[in-house]
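Remarks on the overall topology
The chain contents come next:
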Amino acid sequence: MEGYACIFDLDGVIVDTAKYHFLAWRKLANALGFDFTENQNESLKGISRAESLDIILAWGNVELTHAEKDEWLKTKNNWYLEHVLTMNEEAILPGAKEFITIVKNAGFKIALGSASKNAVSILEKVGLLNQFDAIIDGTKTTKSKPDPQVFTMCADELGIAYKNCVVFEDAEAGIEAALSAGMAAIGIGNKTILNRALFAVNDLSEMTLEKLPFINSNTIPH
Ligand code: BG6
Ligand code: MG
């Protein structure tokens, strides 16, 4: 029996933290004298903290030294963590907890594939830390999405073939990362933006086992 796995991004897929990243980055931009739109913010999704800062500074035509950038990265994370502190189970996005349970009960492995260095503490806060068979986050990766590294590391740790993995992502960069890994990608959120995904749903409450691309009569291990 071949193994199969579902790999979940964290921010914007399992928890509603994408809006907190946006608020904190916007506060930083405003403090440096410029602003950016929610549309521009789409291209930051899935991107590491340090790379996001470089993109935002380029939007504002602001040049900083390495030391100044390090300070702003700390400040942004502190602003972000102020929001994270308020989180509890209610911050889990609709259907996420339930779909994870369904997938686990069907005998599939599950992994977290996130760029965030705050992933473990967020999962702990919302009570989902012990649900995952593997967790690959921003403390373990060296390359940012759209590089496939985060997802191939998940599959390698689980011992599952890449072609037998499906990735759930709210970021364009994440969909690209999954496709480059040879995995199927399902979009969470805007169907127009995530048009390279197999299909997109508004949230995981719209997902069922039957919609998984590798589901057929031989897949479910009973
Ligand atoms: C990704 C988010 O999941 O994690 C990005 O989509 C964020 O917006 C990145 O920049 C890094 O997160 P953190 O928590 O390490 O700053
Ligand atoms: Mg995300």
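Structure: above.
Here the structure is a predicted model, which means the values were calculated and not measured. (Residues numbered from 1 in each chain as written. Chains lettered and ligands numbered in written order. Predicted model: local features only at pLDDT ≥ 70, side-chain atom pairs only at ≥ 80, totals over all residues. Heavy atoms only, no water.)

**Considerations on the coordination of the magnesium ion (ligand 2)**
Note the threshold: Any N, O or S atom lying within 2.8 Å of the metal counts as a donor, and for Na, K and Ca the limit rises to 3.2 Å; water is left out, so some sites can look incomplete. Secondary structure elements follow DSSP: runs of H or I of four or more residues count as helices, runs of E of two or more count as strands, with numbering from the N terminus.
For the magnesium ion (ligand 2), every protein donor is listed as Asp 9 (OD), Asp 11 (O) and Asp 170 (OD), and the spread of their distances is 2.0 to 2.2 Å. Mapping the donors of the magnesium ion (ligand 2) onto the primary sequence gives the spacing D-x1-D-x158-D. One end of the pair, Asp 9, is in the loop between β1 (5-8) and α1 (18-31); the other, Asp 170, is in the loop between β4 (165-169) and α8 (172-180), and 161 residues separate them in sequence.

**Let's talk about the packing of helix α3 (residues 49-59) against helix α4 (residues 66-84)**
Rules: Think of each axis as a best-fit line through the C-alpha atoms, taken over the contacting stretch in the case of a helix, with angles from 0 to 180 degrees between the N-to-C directions. Every angle not falling under 35 degrees, over 145, or within 65 to 115 is termed oblique; those three ranges are roughly parallel, roughly antiparallel and roughly perpendicular. Residues are treated as being in contact if the distance between any of their heavy atoms lies within 4.5 Å. Each residue receives one of three labels: charged for Asp, Glu, Lys and Arg, nonpolar for Ala, Val, Leu, Ile, Met, Phe, Trp, Tyr, Cys and Pro, and polar for the others, Gly being one of them.
Here α3 crosses α4 at 110 degrees, and the two axes come no closer than 10 Å. Classified by the interaxial angle, the pair formed by α3 and α4 is roughly perpendicular. Along the contact surface, α3 presents Arg 49, Ala 50, Leu 53, Asp 54 and Leu 57, while α4 presents Lys 69, Leu 73 and Asn 77. For the contact of α3 with α4, the class distribution of residues is four nonpolar, one polar and three charged.

**Topic: the site of ligand 1**
Using the following cut-off: By convention in this text, a residue qualifies as near a molecule or strand provided that one of its non-hydrogen atoms is within 4 Å of it. We define a polar contact as two N or O atoms separated by no more than 3.5 Å, with the added condition that, inside protein, one atom must be a possible hydrogen donor and the other a possible acceptor, whereas residues neighbouring each other in sequence contribute only through side-chain atom pairs. Working definition of accessibility: Shrake-Rupley area with a 1.4 Å probe, residue cover restricted to the visible protein chains. Throughout, the edges of the domains are those of an automatic or database domain assignment.
In the region of ligand 1, 14 residues are neighbours, and Asp 11, Arg 49, Ser 116, Lys 117 and Asn 118 sit closest. In the environment of ligand 1, an oxygen atom lies 2.9 Å from a nitrogen or oxygen atom belonging to the backbone of Ile 47. Isolated, ligand 1 exposes 390 Å² of accessible area, and the fraction of that covered by the protein chains is 97%. Residue classes in the shell around ligand 1 are distributed as four nonpolar, six polar and four charged. Per-domain counts for the shell around ligand 1 show at least three residues from each of domain 1 (5-16 + 91-211) and domain 2 (18-84).

**Looking at the nonpolar core**
Stated formally: Put simply, buried Ala, Val, Leu, Ile, Met, Phe, Trp, Tyr and Cys residues joined by side-chain atoms within 4.5 Å make one nonpolar core. In this scheme, a residue with accessible area under 20% of its type's maximum is buried, one over 50% is exposed, and one in between is partly exposed, where area comes from a 1.4 Å probe on protein chains only.
Of all hydrophobic cores here, the largest spans 51 residues; its most connected members are Cys 6, Phe 8, Ile 14, Phe 132, Phe 168, Leu 204 and Leu 212. It is α1 that provides the largest number of residues to this core, a total of six residues. Looking at which domains feed residues into this core, each of domain 1 (5-16 + 91-211) and domain 2 (18-84) gives three or more. Apart from residues lying up to four places away in sequence, Ile 14 is in contact with Phe 8, Asp 9, Ala 91, Ile 92, Leu 93, Ala 96, Ile 100, Leu 112, Leu 128 and Phe 132.

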